[in-house]
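# Examination of the molecular architecture
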Amino acid sequence: MKRFYYYATCLLLLSVNFAWAAETYQINKLTFLEVNSSINPATYNYLENSLKKLKKENGDLAFIKLDTPGGLVTTTKDILTLIGSLDIPIGIWITPEGASATSAGSIIASSAHLLVMSEGTNIGAATPIGMGNDIQQKDARSKAINDLVALVKSLSKARGRNPIHFEKMISEAKSIDARTALKDEVIDGIINSQTELIEFINKQKVTIKGTEYTLQIEPSVPVKTVEMDAGQQILNIFANPTTAYVLFIIGAALIYFELQAPGGFVAGALGVVFLFLAGIGFQVLPLNIGAMGLIILSFILFILEAYITSFGILTLAGIAALVFGSLFLFRTDDSMIDLERNVVFSVIFGIVLYVGFLGWFFVKTWIKHKNYYTNAGEEGHITKLLGEKDGVYHYQVKVKGEIWNAESKDQFNLNDEIKVDTSNEEKLILTITKK
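As the structure is a computational prediction, the values presented were derived from the model and not from experiment.

Further remarks concern the side chain of Thr68. Residue position: Thr68 is located in the loop between strand 3 (60–66) and helix 3 (73–85). At 2.8 Å, the side chain of Thr68 forms a polar contact with the backbone oxygen of Ser37. Those residues within four positions of Thr68 in sequence are excluded, and the remaining contacts are Ser37, Ser38, Ile39, Ser100, Ala101, Thr102 and Gly105.

Shown next, in the form of structure tokens:
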């Protein structure tokens, strides 16, 4: 009997030590992020800005709702590094029904501390897109595959998941559904609602930077969804390879038209705006440099509008360049400055209001004087002598601040005052007499 009590006491002590081995992580706030596009720099900027605001001391837990066809390997690795650098647990939820974590999405999923899927979703097919058929390209492809395989195997092992299936997602482009993923220990659970997710999270064990935690969460925990801001949404559109390619083609075509018929500057200016946006989308231009280029370009376009008759096209292009440039500024991961959106929108609103006022003034003036040629009796003065032909003298006159061609049988000298007699609407020429 004494031996029985001895073993029972040992087992009790072992169980207590095992319970103490895992620290408790009390979740006080659940934050959802939504990635339902390609994996690109805008995605990384969105995740970085949102996740780095969350802190362990606040009891934060973040879940990324993931639905992506894939994306850039470089951005994918940046996201993996970001998740690994955080002190808070990060979950990934492949949802809703019909969603998938394909290609880069499945690699990111392997790094999650908690990985769940909804019914009717799938994960996998992470083999890099074909890179050609010659030997050097095959070697490069093999290196890329081996690198990604080693990466996902390491991450899945660290998270206590089956590394074999993650390896096959890359080496064999294997894709599996939610039920198969749960059965083969690729994911931690199948979740179809927020209530189910909160119930599932409670008592789950996760390892963060070598320390094991037991998660505790109340059913009434505050829940918040953080969405992309305006700049990230626009950048997300431009970062799409198809969009960036179309912008580049349009920009190149407009530059070509400008070179074929130089002097107007309208096509060329618009082409430069499109090329800047394409350069940012292709990641050829660093984001901050591209943003500053767009802002500088916007003021160049405003100045050109004063000298070139574009009927407002250059102004609209300038406003677009100013908006995009301002929203893209300070978006790099090493930036120590955060430009307040209120400041950006206030400045843009002020400039647009000023440009709108000028446009309204010009339109008002045009409406007032659109029948100017028929208004006899307006007064002005001679600004230039153009010569005489067949007994008719030709001049340039200034009437109410506007320069017009004029003719008269009377001979005038420079700065002589005149009066409009009649006008020829077809030839846009005034007939003048002495005042």
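There's plenty left to go through after this.
This brings us to the pairing of strand 14 (residues 392–399). Within a regular strand, the side chains alternate between the two sheet faces. Of the strand pairs in this sheet, strand 13 (residues 379–389) and strand 14 are connected by 8 bridges, and their pairing is antiparallel. Counterpart to Lys384 in the pairing with strand 14 is Gln396. Counting the residues in the hairpin turn of strand 13 and strand 14 gives 2 residues, including Asp390, whose phi is positive at 55°. With 7 bridges joining them, strand 14 and strand 15 (residues 402–408) adopt antiparallel strand pairing.

In this section: the sheet that holds strand 12 (residues 223–226). The strand order across the open sheet built from 6 strands is 9-6-4-3-2-12, with neighbouring strands paired in parallel fashion. Two strands in the sheet have a free side with no partner beyond their single neighbour: strand 9 (189–190) and strand 12.

This part covers the packing of helix 10 (residues 241–260) against helix 11 (residues 266–281). When two helices pack together, their arrangement is captured by the angle between the axes and the distance separating the axes. Running from N to C, helix 10 and helix 11 cross one another at 155°; their axes reach a closest spacing of 7 Å. As the angle between them shows, helix 10 and helix 11 are arranged roughly antiparallel. Considering the relative orientation of helix 10 and helix 11, their crossing is left-handed. Across the interface between the two elements, Ala244, Leu247, Phe248, Ile250, Gly251, Ala252, Leu254, Ile255, Phe257 and Glu258 from helix 10 touch Val266, Ala267, Gly268, Leu270, Gly271, Val272, Phe274, Leu275, Leu277, Ala278 and Gly281 from helix 11. When its residues are assigned to classes, the contact of helix 10 with helix 11 shows 16 nonpolar, 4 polar and 1 charged.

Below, the discussion takes up the pattern of salt bridges. For the coordinates displayed, the defined rule picks out 9 salt bridges. Between Asp147 and Lys77 there is a salt bridge; the shortest N-O distance is 2.5 Å. Of the two residues, Asp147 is situated in helix 5 (residues 135–158) and Lys77 in helix 3; the sequence distance between them amounts to 70 residues. A relative accessible area of 35% places Asp147 in the partly exposed class.

Two modes of strand pairing occur in sheets, parallel and antiparallel, and in both the strands are linked by backbone hydrogen bonds. Pairing in this open sheet of 3 strands is mixed, and the strands run 1-11-10 from one edge to the other. Across the chains shown, the open sheet's two edge strands, defined by having one partner strand only, are strand 1 (23–27) and strand 10 (205–208). Put simply, the sheet's adjacent strands are angled 40° from each other on average, direction ignored. Two elements, strand 10 and strand 11 (residues 211–217), share 4 bridges in a ladder whose sense is antiparallel.

Taken together, strand 14 and the strand that follows it, strand 15, pair antiparallel across an intervening segment of 2 residues, in which Lys400 is found at a positive phi of about 55°. Judged from the 3 bridges that link them, strand 15 and strand 17 (residues 429–434) form a sheet pairing that is parallel. Across the sheet, Asn405 pairs through a bridge with Ile429, a residue of strand 17.

Below, the discussion takes up helix 2 (residues 41–51). The element helix 2 is extensively covered by neighbouring structure, given that 9 of its 11 residues are classed as buried. Among the residues making up helix 2, those that are buried are Ala42, Thr43, Tyr44, Asn45, Tyr46, Leu47, Glu48, Ser50 and Leu51. Where helix 2 is buried, its residues contact strand 2 (29–35), strand 3, helix 3, strand 4 (90–94), strand 12 and helix 9 (230–238). Here helix 2 starts with a cap whose side-chain oxygen sits 2.9 Å from the backbone nitrogen of Ala42, and that cap is Asn40.

Moving on, we come to the packing of helix 2 against helix 9. Relative orientation of the contacting elements helix 2 and helix 9 amounts to 155°, with a least axis distance of 8 Å. As summarised for this structure, helix 2 and helix 9 are arranged roughly antiparallel, according to the angle between their axes. Facing Ala42, Thr43, Asn45, Tyr46 and Asn49 of helix 2, the residues of helix 9 in contact are Gln232, Leu235 and Asn236. Of the residues that constitute the contact of helix 2 with helix 9, the class distribution is 3 nonpolar, 5 polar and no charged.

Conventions we followed
- Residues numbered from 1 in each chain as written.
- Predicted model: local features only at pLDDT ≥ 70, side-chain atom pairs only at ≥ 80, totals over all residues.
- Heavy atoms only, no water.
- Helix = DSSP H or I, 4+ residues; strand = E, 2+ residues; numbered from the N terminus.
- Polar contact = N/O pair within 3.5 Å; in protein donor to acceptor, adjacent residues only side chain to side chain.
- Contact = heavy atoms within 4.5 Å.
- Pairing = 2+ DSSP bridges.
- Axes fitted to C-alpha atoms, helices over the stretch in contact; angles between N-to-C directions.
- Parallel < 35°, antiparallel > 145°, perpendicular 65-115°, else oblique.
- Left-handed = near helix turned anticlockwise from the far one by under 90°.
- Nonpolar A, V, L, I, M, F, W, Y, C, P; charged D, E, K, R; others polar.
- Salt bridge = Lys/Arg side-chain N within 4 Å of Asp/Glu carboxyl O.
- Buried < 20%, exposed > 50% of the residue type's maximum accessible area, 1.4 Å probe, protein only.

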